[in-house]
Amino acid sequence: IKQGVTLIAGGGFHGKSTILNALAVGVFDKAPGDGRQFVLTAPDAITLRAEDGRAVRSVDISAFVNSLPKVSGLDPTLFSTDCA
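Residues numbered from 1 in each chain as written. Predicted model: local features only at pLDDT ≥ 70, side-chain atom pairs only at ≥ 80, totals over all residues. Heavy atoms only, no water.

1. Observations concerning the overall build of the protein chain
Put simply, the rule reads: Strands are runs of DSSP state E lasting at least 2 residues, helices are runs of H or I lasting at least 4, and numbering of each runs from the N terminus. Values of the radius of gyration come from C-alpha atoms, whereas the globule rule sets the reference at 2.2 Å times the count of residues to the power 0.38. The buried label applies to any residue whose accessible area, calculated with a 1.4 Å probe on protein chains only, is under 20% of its type's maximum; exposed applies above 50%, and partly exposed to all values in between. Note on areas: Shrake-Rupley, 1.4 Å probe, and residue coverage restricted to the protein chains presented here. Positive charges are assigned to Lys and Arg, negative charges to Asp and Glu, while His and the chain termini are left out of the count. The atoms used to mark charge sites are NZ of Lys, CZ of Arg, CG of Asp and CD of Glu.
Scanning the protein chain for helices and strands turns up 1 helix and 2 strands. In the protein chain, the succession of helices and strands from N to C terminus is α-β-β. Its C-alpha atoms give the protein chain a radius of gyration of 16 Å, more than 25% over the compact-globule value 12 Å for 84 residues. A total of 84 residues make up the protein chain; the buried ones form 7% of that total. When the accessible surface of the protein chain is split by element, carbon and sulfur atoms take 59% of a total near 7400 Å². In the protein chain, 8 side chains carry a positive charge and 8 a negative one; their mean positions are 5 Å apart.

2. A few points about a nonpolar patch on the surface
Note the threshold: Residues forming no salt bridge and having over 30% relative accessible area are the ones grouped into patches, like charges within 9 Å of each other and nonpolar side chains (Val, Leu, Ile, Met, Phe, Trp, Tyr) within 5 Å. Here a salt bridge means any side-chain nitrogen of Lys or Arg lying within 4 Å of a carboxyl oxygen belonging to Asp or Glu.
On the surface, Ile8, Ile19, Leu20 and Leu23 cluster together into a nonpolar patch covering about 290 Å² of accessible area. Inspection of the secondary structure puts leucine 20 in helix H1 (residues 16–25).

3. Some points on unusual backbone geometry
Residue serine 58 is not a glycine yet carries a positive backbone phi of 55°. One can find serine 58 in strand S1 (residues 56–59).

4. Some details on the environment of aspartate 34
Note that aspartate 34 resides in the loop between H1 and S1. Since its relative accessible area comes to 34%, aspartate 34 is described here as partly exposed. Between the C-alpha atom of aspartate 34 and that of leucine 68, which follows or precedes it by 34 residues, the distance is 40 Å.

5. As for the environment of alanine 42
Tracing the chain through its elements places alanine 42 in the loop between H1 and S1. A C-alpha to C-alpha distance of 9.0 Å links alanine 42 and glutamine 3, two positions 39 residues apart in sequence.

6. With respect to the environment of alanine 45
Tracing the backbone through its elements, the reader meets alanine 45 in the loop between H1 and S1. Between the alpha carbons of alanine 45 and glycine 10 there is a distance of 23 Å; along the sequence they are 35 residues apart.

7. A closer look at the pattern of salt bridges
In this structure the tally under the stated criterion is 1 salt bridge. Of the charged contacts, one joins aspartate 82 and arginine 57 as a salt bridge, the two residues approaching to 2.3 Å between their closest N and O atoms. Of this pair, aspartate 82 sits in the segment after strand S2 (79–81) while arginine 57 sits in strand S1; the two residues are 25 residues apart in sequence, bridging distant segments of the chain.

8. Comments concerning the confidence of the model for the protein chain
If pLDDT is low for a region, its predicted coordinates should not be looked at in detail. Our working rule: Residue-level confidence of the predictor, termed pLDDT, takes values from 0 up to 100.
On average, residues of the protein chain carry a pLDDT of 78, and 92% of them reach 70 or more. Confidence, read as mean pLDDT per element, is least for H1 in the protein chain (79) and greatest for S1 (88).

What follows is the structure, encoded as structure tokens:
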């Protein structure tokens with residue numbers, strides 16, 4: 001993963017939380033022989049999570065997501081959700 005801000009997006013049960021949990025484990029110190037000998041973490045890395053149930057209204061996410069499934073009826077230039 002390149003240094004900087006990375007957006008992880010997807011539908012329900014697509015593995016977003018699983019990948020975030022795996023990445024978060026890499027932030028913490030490793031015990032010798034625990035299987036993560038080749039995992040490298042920037043010394044200033046942090047884990048950050050938004051509150052559950054947070055809503056967003058009329059946000060332009062087109063820089064990150066250029067299209068959404070047509071059946072969703074959602075527009076990435078004017079995105080709203082109650083579950084951000």
